[in-house]
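Residue-level listing of the chains:
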Amino acid sequence: MTTPRMPIPPLAPATETGRLGACQIKRLWSRTLRRRAGQPDPDDGDDPLDPLVLHALGIGLEQGMGHLFAAAPDFDAFERWIVDTAGEPTAEAVARLNAAVAGAPIPPATRARLDHIGALPAVLDAADLAHWERHGYVILRDAIPADSRDAAAEAVWRHVGARPDEPDSWYGSRPQGVMVQYFQHPAFSANRRAERIHKAFAQLWGHADLWPSVDRVGFHPPERPGFRSQRPPLHWDVSLVTPIPFGTQGILYLTDTPPEQGALSLVPGFQHRIERWLAELPPDADPRHESFESQARPIGARAGDMVIWHQALPHGPGPNRGALPRLVQYLNLAPARPPKQAEWR
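A quick note: this is a predicted structure, and the numbers were derived from the prediction, not measured.

## Digging into the sheet that holds strand E8 (residues 306-310)
Pairing in this open sheet of six strands is antiparallel, and the strands run E1-E8-E5-E10-E4-E2 from one edge to the other. The strands lining the two open edges of the sheet, one partner per strand, are strand E1 (137-140) and strand E2 (179-180). This element, helix H7 (residues 126-135), spans E1, strand E5 (248-253) and E8 of the sheet and lies at about 150° to E1. The sheet strands contacting helix H8 (residues 146-160) are E2, strand E4 (217-220), E5 and strand E10 (326-330), and the helix crosses E4 at an angle near 65°.

## Focus: the packing of aromatic side chains
In the structure shown here, the tally under the stated rule is 14 aromatic pairs. Aromatic pair Tyr171 and Phe227: ring centres 4.8 Å apart, planes at 75°, arrangement edge-to-face. On the criterion of sequence distance, the pair formed by Tyr171 in the loop between H8 and E2 and Phe227 in the loop between E4 and E5 is long-range, its members being 56 residues apart. Between the aromatic rings of Phe270 and Phe292, the centroid separation amounts to 5.2 Å while the plane-to-plane angle is 80°, which identifies the pairing as edge-to-face. Remark: Phe292 occurs in the loop between helix H11 (274-280) and strand E7 (297-298) and Phe270 occurs in the loop between strand E6 (264-266) and H11; sequence separation between them is 22 residues. A single burial state applies to Phe270 and to Phe292, both of which are buried. The rings of Trp236, Phe270, Trp277 and Phe292 are connected pair by pair, giving a single aromatic cluster. Cation over ring: Arg96 sits above Trp211, and NZ or CZ is 3.8 Å from the ring centre.

## Quick word on the pairing of E4
The alternating pattern of E4 places Val217 and Phe219 and Gly218 and His220 on opposite faces, both of which are buried. Bridge count between E2 and E4: two bridges; the pairing is antiparallel. Across the sheet, the residue bridging to Met179 is Gly218, located in E4. Across four bridges, the pairing between E4 and E10 is antiparallel. When the bridges of E10 are listed, Phe219 appears paired with Leu327.

What counts and what doesn't
- In this convention, every chain numbers its residues from 1, walking through the sequence in written order.
- Where local features are concerned, this predicted model is filtered to residues with pLDDT of at least 70; where side-chain atom pairs are given and counted, the filter is 80 or more; whole-chain, interface and lining totals use all residues.
- Note that the side-chain values use all heavy atoms of the structure and ignore hydrogens as well as water.
- When DSSP finds two or more bridges between a pair of strands, those strands are recorded as paired.
- The way it works is that DSSP assigns letters per residue, a run of H or I at least four long becomes a helix, a run of E at least two long becomes a strand, and they are numbered from the N terminus.
- The criterion used for residue contact is that any of the two residues' heavy atoms lie within 4.5 Å.
- Fitting a line to C-alpha atoms yields each axis, with helices limited to the stretch in contact; the angle taken between N-to-C directions then spans 0 to 180 degrees.
- Each Phe, Tyr or Trp ring, with Trp reduced to its six-membered ring, pairs with another whose centre is within 6.5 Å; inter-plane angles below 30 degrees give stacked pairs, above 60 give edge-to-face pairs, and intermediate values give tilted ones.
- Burial status follows relative accessibility: with a 1.4 Å probe on protein chains alone, a residue under 20% of its type maximum counts as buried, one over 50% as exposed, and anything between as partly exposed.
- Only lysine NZ and arginine CZ atoms are considered, and such an atom sits over a ring when it is within 6 Å of the ring centre and within 35 degrees of the ring normal.

Shown next, in the form of structure tokens:
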């Protein structure tokens, strides 16, 4: 006996809601199931609000899209999965999301919180901002308190089934390499709400109306005989159609991370020369296959520090030739509709 297939849903309007009362989520669900069935809508391309709605509801983009493609749930089941995975969204989160989808004013409760962030003393000084302008990255020192840092690190250790004092436990099978598909934990959520982090991004973007991403964490053990980590080469996570729009990315170190211990590596200042570099490539060259290893600089920092960089910089984890694993939380803050090129290159 075969299980009947779920009918392919029509593309839902952005304003149609379900039990959660959240706009855009049914549109994302219906669009994804249509694409999964090989029936994409020709006039409905990628929507910048899709990542926003998932992050606002506490779900990672890769996590949510992976579930839709793997399970193809009906809409009620998808909403139940969201709650089971990330908890019931707050009334403020839903109200803010719906206002962003509609292009309406920010709700009062959120407006008061964002105004508070905007009024906080600067956390990046003039030297930090000058370094950002020249090199395209900055280190936010003591981005989170020690107890928040330690709680997040402990969550990562427990999730990967390893212990700091048992090196053999660091090397279990991890299909995602240095990336760990772990998105929901109270310690991670607390770091996403950290005012000091929010203020740093507000200084770089020029305003505080920013949304935190719900992203993965990382566990990057040292190399040893018979083990070399599966780490991506230096790369971009943005389209290389020029001009490259302003955008940020961030990594929060949960343990002391000297340069040799798998620290984030990037090419400083590349945001100022990427357009010329792309224009001078041979016509048949694929920029994503070019190597930047000789130009890369590992950015070491202390536990609780955060590295924020311009999205035009080639970046990636360096080899861990230190004594301990590198533990991190990936975290970015951006506007509801960050600038992006419509075409992917």
